[in-house]
Amino acid sequence: MPNHPTSPAAKLRAVRGMNDILPDEARKWHRVESVFRSTAELYGYGELRTPIIEDTALFVRQVGETTDVVEKEMYSFERHGDQLTVRPEGTAGAARAYVEHGVAAKEPITRWYYLGPMFRGERPAKGRYRQFYQAGCELYGDPGPVCDAEMIELAMRVLRGLGINALTVHVNSLGSAGTRERYRAALLQHFTPLAAELSEDSRRRLEKNPLRILDSKDPKDRAAAAAAPSILEVLDDADREHFAAVRAALDALHIEHIVDPKLVRGLDYYTRTLFEIKAEAADLGAQSTVCGGGRYDEMVEGLGGPKTPAIGFAMGLERILVAMGADVAATRPASVYVAAMGRPAIAAALEIASGLRSGGIPCEVDARDAKLKSMLKRADASGAAYCLIIGEDELSRGAFTVKDLAARAQWEVARAEVVPFLAGRAGPAASEAPR
Ligand code: ATP
Ligand code: MG
């Protein structure tokens, strides 16, 4: 172990821009994750889990050398002679796995989803973190345009399923390679005379990748970007037709959408269809994009696989949780607080608690041998629905007291009846009700 000098008095804290998620909060996350998973499964997607660390070259080549992500945000390091990066996004790793496992040869169409943490060293703000979670879908083997619209519908179904309804869909087309070459030339012509007004980053990227300037959030670049020519004017016939068909399919799905010809997004791999879903939550401010995605028809081939069209999206779970608002009911299963008084009662409590758990009833044993009053206080604070009181008297009677902590009602229940009695109230079937 290398020696890290630390002052013994210094408090260790979570890394800036990275968050702890405590259990009450995690319950809301479970809800988001389960709606996402079940919706993805509805459309035929299966889960893909890839390593969180990949070769740095994967992101440099696929995400693009002149993107913010690669230029300044990646957590990269060297270990055992390998150059590695903690993934900043999920699409490149998924495509790497698709090629590595020769999936194209096994099935014509592949639908994968993933869910997990991503890492980017950006400036933290509400809805913008250095470790954040994305849920995403990737579809390989279908050039669209219909599946492009269906993918947007999938994302919308997830968001609506979580009660987020104030949403706008923004779409654009980046065309194929030829279109982007023509557009690059048009942008170069537009931005070169304005170079002196641009931000330093944009001036540096002007020659290599003028498209990036359109995505810049620097106020210096905004005016010049707003006046830039539209990519839709340089689309070739096939691209134009593709885009029109995506829009027609969106109409068929009753998904209203706004065409935004300046939408380019922050990663270089996109081709043709590009989209973003924004939530109108006041709390999100500049971080209103809850979902972003698009087509990347050249990536699989670029990774050494066969020519394979592909499309995907990723949603930011922290932003989704903000858009859902504060009143997301964190459902917690009704549970039982087992309060035991005296050693013989503790042994009985352990046995009964074990029986409750076998019956699927969550419970907690208080074996501190404390005073009843203190245990009841703790039972209330624990959020339990019921308190089961086991004392010497109860043991000799062979019947225990069950208290409904919210209704303040109580019953005397024979020892053998305790599990079935509570199963009817707090067991798996009864535990769906929000508390
Ligand atoms: P933005 O323009 O907001 O920086 P992006 O273009 O970098 O987003 P993508 O890389 O396409 O976004 O990621 C898809 C989604 O992941 C975003 O729409 C957002 O919801 C979420 N996301 C991206 N970066 C972060 C971050 N640093 N913190 C939290 N969520 C993020
Ligand atoms: Mg970004």
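Residues numbered from 1 in each chain as written. Chains lettered and ligands numbered in written order. Predicted model: local features only at pLDDT ≥ 70, side-chain atom pairs only at ≥ 80, totals over all residues. Heavy atoms only, no water.

> Where do I start with the nonpolar core in this structure?
Of all hydrophobic cores here, the largest spans 88 residues; its most connected members are Phe 313 and Ile 320. The contacts of Ile 320, once residues within four sequence positions are left out, are Val 32, Leu 159, Leu 162, Ile 164, Val 290 and Met 315. (Core = buried A, V, L, I, M, F, W, Y, C linked by side-chain atoms within 4.5 Å. Buried < 20%, exposed > 50% of the residue type's maximum accessible area, 1.4 Å probe, protein only. Contact = heavy atoms within 4.5 Å.)

> Can you walk me through the packing of aromatic side chains in this structure?
Centre-to-centre distance and the angle between the planes together describe a pair of aromatic rings. Evaluated as defined, the whole model comprises eight aromatic pairs. Considering the side-chain rings of Tyr 98 and Trp 112, the 6.0 Å spacing of their centres and the 75° angle between planes classify their relative orientation as edge-to-face. Here the residue Tyr 98 occupies a position in helix H4 (residues 91-100), and Trp 112 occupies one in strand E5 (residues 110-119), the gap between them amounting to 14 residues. Like Tyr 98, the residue Trp 112 is buried in the burial classification. Feature note: the residues Tyr 98, Trp 112 and Tyr 140 constitute an aromatic cluster, connected by ring pairs. (Phe/Tyr/Trp six-rings, centres within 6.5 Å; stacked < 30°, edge-to-face > 60°. Helix = DSSP H or I, 4+ residues; strand = E, 2+ residues; numbered from the N terminus.)

> Please explain the domain arrangement of the protein as it appears in this structure.
Reports of interface size often rely on the accessible area that becomes lost once the parts have come together. As far as domains go, the protein holds domain 1 (23-176 + 236-324) and domain 2 (336-426). A separation of 49 Å is found between the C-alpha centroids of domain 1 and domain 2. (Domains from an automatic or database assignment.)

> Would you mind showing me how to read the layout of surface pockets here?
Take a probe with the size of a water molecule and roll it over the atoms, and the empty space left behind shows itself. Here the second largest pocket is characterised by a volume of approximately 450 Å³. Along the walls of the second largest pocket sit 22 residues, with Arg 180, Lys 208, Asn 209, Leu 211 and Asp 268 positioned nearest its centre. Where the lining of the second largest pocket is concerned, the elements lending two or more residues are helix H2 (56-63), helix H7 (177-191) and helix H9 (211-214). Here the lining of the second largest pocket takes four residues from H7, the largest share from any one element. Class assignment of the residues belonging to the lining of the second largest pocket gives a composition of eight nonpolar, four polar and 10 charged. (1 Å grid on protein atoms, 1.4 Å probe; cavity = no way out; pocket = protein on both sides within 12 Å on 5 of 7 lines; lining within 4 Å. Points joined across faces, edges and corners; volume = space filled by probe spheres on them. Nonpolar A, V, L, I, M, F, W, Y, C, P; charged D, E, K, R; others polar.)

> Looking at this structure, how should I read the sheet that holds strand E3 (residues 75-79)?
Note: strands within a sheet are paired through backbone hydrogen bonds, in either parallel or antiparallel orientation. Read across the open sheet, the three strands follow the order E2-E4-E3; overall the sheet is antiparallel. For this open sheet the edge positions go to strand E2 (53-55) and E3, each flanked by a neighbour on one side alone. The sheet shows a mean angle of 35° between the axes of neighbouring strands, direction not considered. Here E2 runs beside strand E4 (residues 82-86); their pairing, made up of three bridges, is antiparallel. Paired with Glu 54 across the two strands is Thr 85, which belongs to E4. Against the sheet, H2 contacts E2, E3 and E4, and its axis sits at roughly 75° relative to E2. (Pairing = 2+ DSSP bridges. Axes fitted to C-alpha atoms, helices over the stretch in contact; angles between N-to-C directions.)

> Any chance you could explain the site of ligand 1 here in plain terms?
Taken together, 17 residues lie near ligand 1, and Arg 120, Glu 122, Arg 128, Lys 217 and Arg 265 sit nearest. Contact distances for ligand 1 include 2.8 Å between an oxygen atom and a side-chain N or O atom of Lys 217. Across the complex, the protein chains shield 94% of the 580 Å² of accessible surface that ligand 1 would expose by itself. Broken down by secondary-structure element, the contributors of at least two residues to the shell around ligand 1 are strand E6 (131-140), strand E10 (289-295) and strand E11 (310-316). Looking at the shell around ligand 1 element by element, the count peaks at four residues for E10. Here the shell around ligand 1 is built from residues that sort into six nonpolar, five polar and six charged. (Near = heavy atom within 4 Å. Polar contact = N/O pair within 3.5 Å; in protein donor to acceptor, adjacent residues only side chain to side chain. Areas by Shrake-Rupley, 256 points an atom, 1.4 Å probe, with all protein chains shown as cover.)

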